[in-house]
Structure formats: C-alpha cells, structure tokens
Amino acid sequence: QVQLVESGGGLVQAGGSLRLSCAASGRTFNSDIMAWFRQAPGKEREFVAGINWSGAPTNYADSVKVRFSISRDYVKKTVFLQMNSLKPEDTAVYYCACRRRESAAYDYWGQGTKVTVSS
C-alpha cells in the first residue's frame, strides 16, 4: 500500500556529512509515522529516528541525537535524515519505514541504502 524509496547513501570520510532521502508514495496518510532504521553487518536492525508528517514530535536514538536530524517535506512526501559528524560505527544499511498511527509495528519498508564511513 505504501512504497518507500531511499537514496543518498554512499562512501564518506569520518567527520563528514551525508543526507538520506526517502520518497513515499501510494496509500499514505497524514497520521503515518515515518522512521529511519539501520542494520550493520552481523547486528540487529535498530531504530535511528522518527517523525510525524506534521514535523513534530521527533524521536532519536541516544547514539545519534546530537549528530543526526530528521525532517520532512510534506508537499513532496519525502523524509530526510541529515547525518553530521559521521563515525565508522555509523556504517550500515539504512532503511526508511512507515507505520500507521494505530499500529505497533512498521509494516512498510524501503529497499535500503548503504552508508559506509571510512576512518
């Protein structure tokens, strides 16, 4: 029902910045919750940041709260993740996800975009 397409991943040096984009289409609702997750090789997928289409409130994992910023463009139905002061431990495949407001689970996922931070 909801299609999510990520872009913006790539190779960046430690201390650098990168901005990821997630374009949403299909049967979306203004009440949907959008989020970014990431999964490093051999590790569980973890929550990174979340946002409502209204732009507030936002929610961040403690490990990225100061360095990352999630935002949205309602008109373009696009969610962004601005990543600053990147560290090698940020290396992972980053996924965009969507859940309905009344749901406890994220039922819609993008294909992922790979982020590699070199030292």
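Look a little higher up for the structure.
The structure contained in this document is the topic of the report that follows. What you are looking at is a predicted structure, and each value in this text was computed from that prediction instead of being measured.

So, on to the state of the cysteines. Enumeration over the complete set of coordinates arrives at one disulfide. Free of any disulfide, Cys98 has its nearest neighbouring cysteine sulfur in Cys96, separated by 7.8 Å. With relative accessibility at 1%, the residue Cys98 sits in the buried group.

This paragraph deals with unusual backbone geometry. Residues Ala56 and Pro57 are joined by a peptide bond in cis, for which omega reads -5 degrees. Secondary-structure assignment places Pro57 in the loop between β5 (46–52) and β6 (58–60). Positive phi, close to 50 degrees, is recorded for Lys77, a residue that is not glycine. Along the polypeptide, Lys77 turns up in the loop between β7 (68–73) and β8 (78–83).

How each quantity is defined
Residues numbered from 1 in each chain as written. Predicted model: local features only at pLDDT ≥ 70, side-chain atom pairs only at ≥ 80, totals over all residues. Heavy atoms only, no water. Disulfide = S-S within 2.5 Å. Buried < 20%, exposed > 50% of the residue type's maximum accessible area, 1.4 Å probe, protein only. Helix = DSSP H or I, 4+ residues; strand = E, 2+ residues; numbered from the N terminus.

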